[in-house]
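# Breakdown of the fold
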There are 2 protein chains.
Amino acid sequence: MIKFKYDRNGLMPAIVQEAGSRKVLMLAYVNPKALRISLETRKTCFYSRSRKSLWIKGETSGHYQKIKAILTDCDRDTLLILVEQSGAACHLGYHSCFVHLLDSKGNIRKITEKKKFDPKKVY
Amino acid sequence: MIKFKYDRNGLMPAIVQEAGSRKVLMLAYVNPKALRISLETRKTCFYSRSRKSLWIKGETSGHYQKIKAILTDCDRDTLLILVEQSGAACHLGYHSCFVHLLDSKGNIRKITEKKKFDPKKVY
């Protein structure tokens, strides 16, 4: 494994992009163990900063992310993970977490997607 | 401006994606001032953690990023900035910073792009 630059909390941001549509789905964080699990299982595994534990994306919702490729950047401090998303990535029910479009003042102008599922029925 | 969740250093990650090709170009960090400048000028402005100062992307290289849209996520702690990239985003000369493809052991398997410029001639 190459030497990655983890931050002072031992974490590194990972951008998750849908391989087919090229939509950016979410950003989460990995520690070395989460990255190793992701590499071995080919399912995304992250470190939850709020729950302070590892987390297999989809373990509650069933909406797993099958890893097609993992790339890193010139500084070795960020990952880009290309996935096949089953269901939807966002816990609010949207396919992508990035659906809140800002206006020029930094307020929410509109929501760019319709929900794919009802979070109350999934979580 | 809505209330964003900045980290303990007052920063928030911003994913930069090319609007046309949908390539993910880079990840950088904003503080509230960098975000305000980005919103007002429609050119990306970030906070450099190494130089500890604001930084207009392209101010040295001429490779500015013209902002087409800014989105935020469900947690309000990450931005997705859609841009038109002039030149190339990566200081190594690649169009995207994410060109280092990992193998299953986490080593670099290959570089996925050819350089668009010689960094020695630009920086």
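This text follows the structure it describes.
Since the model is a prediction, treat every value here as computed from it, not as a measurement. Numbering of residues starts from 1 in each chain and follows the order in which that chain's sequence is written. Numbering of ligands from 1 and lettering of chains from A proceed in the order in which they are written. Note on the predicted model: pLDDT of at least 70 is required for a residue's local features to be given, and 80 or more for side-chain atom pairs to be given and counted; whole-chain, interface and lining totals, by contrast, use all residues. Hydrogens are left out, water is left out, and the side-chain values use all remaining heavy atoms of the structure.

## Some words on the packing of aromatic side chains
To pair, rings of Phe, Tyr and Trp, with the six-membered ring standing in for Trp, must have centres within 6.5 Å; the planes then decide the type, stacked if under 30 degrees apart, edge-to-face if over 60, and tilted in the middle. On inspection of all chains with the given rule, the structure shows six aromatic pairs over all chains. Ring geometry for Phe4(B) against Tyr6(B): centres 6.4 Å apart, planes inclined by 70°, an arrangement best described as edge-to-face. Arranged with centres 6.3 Å apart and planes meeting at 50°, the rings of Phe117(B) and Tyr123(B) form a pair that is tilted. Each residue is placed in one exposure class: buried if its accessible area under a 1.4 Å probe, protein chains only, is under 20% of its type's maximum, exposed if it is over 50%, and partly exposed if it falls in between. Judged by its relative accessible area of 12%, Phe117(B) falls in the buried class. By the criterion adopted, a ring carries a charge over it if an Arg CZ or a Lys NZ lies within 6 Å of its centre and within 35 degrees of its normal. Across the ring face of Tyr64(A), the terminal group of Lys43(A) is positioned such that the distance to the ring centre comes to 4.4 Å.

## A closer look at the interface of chain A and chain B
Listed as interface residues are 44 residues of chain A and, on the opposing side, 44 residues of chain B. When two parts are brought into contact, each loses some accessible area as probed by a 1.4 Å sphere; the total of that loss over both is the buried area. Interface area, chain A with chain B, both sides summed: about 3,500 Å², of which 64% is carbon and sulfur. The three residues of chain A that bury the most area against chain B are Cys74(A), Phe98(A) and Leu102(A), which together make up 17% of that side's buried surface. What counts as a salt bridge is simple: a side-chain nitrogen of Lys or Arg found within 4 Å of a carboxyl oxygen of Asp or Glu. Remark: the boundary between chain A and chain B carries two salt bridges. In the analysis that follows, any N or O atom pair within 3.5 Å is treated as a polar contact, provided that within protein one partner can donate a hydrogen and the other can accept it, and provided that, for residues neighboring in sequence, both atoms belong to side chains. Our count for the chain A to chain B interface comes out at 16 residue pairs in polar contact (both at pLDDT 80 or more). Helix and strand labels come from DSSP, where a helix needs a run of H or I of at least four residues and a strand needs a run of E of at least two; each type is numbered from the N terminus. Breaking the side of chain A that touches chain B down by element, the ones donating at least two residues are strand 1 (12-18), strand 2 (24-30), strand 5 (65-72), strand 6 (79-85) and strand 7 (100-102) of chain A. Looking at which element gives the most residues to the side of chain A that touches chain B, the answer is strand 5 of chain A, with four residues. Its residues assigned to classes, the side of chain A that touches chain B shows 23 nonpolar, eleven polar and ten charged. In this description, contact between two residues means that some pair of their heavy atoms is separated by no more than 4.5 Å. Classification convention: Asp, Glu, Lys, Arg as charged; Ala, Val, Leu, Ile, Met, Phe, Trp, Tyr, Cys, Pro as nonpolar; all other residues, Gly among them, as polar.

## What to know about helix 1 (residues 32-41) of chain A
Residue and element names in this part refer to chain A. Buried residues of helix 1: Ala34, Leu35, Ser38 and Leu39, and no others. Viewed end-on, helix 1 has its buried residues packed into an arc of 135°, placing them on one side of the element. The positive-phi residue at the C-terminal boundary of helix 1 is Arg42, with phi of around 60°. Comment: arc refers to directions from the helix axis out to C-beta atoms.

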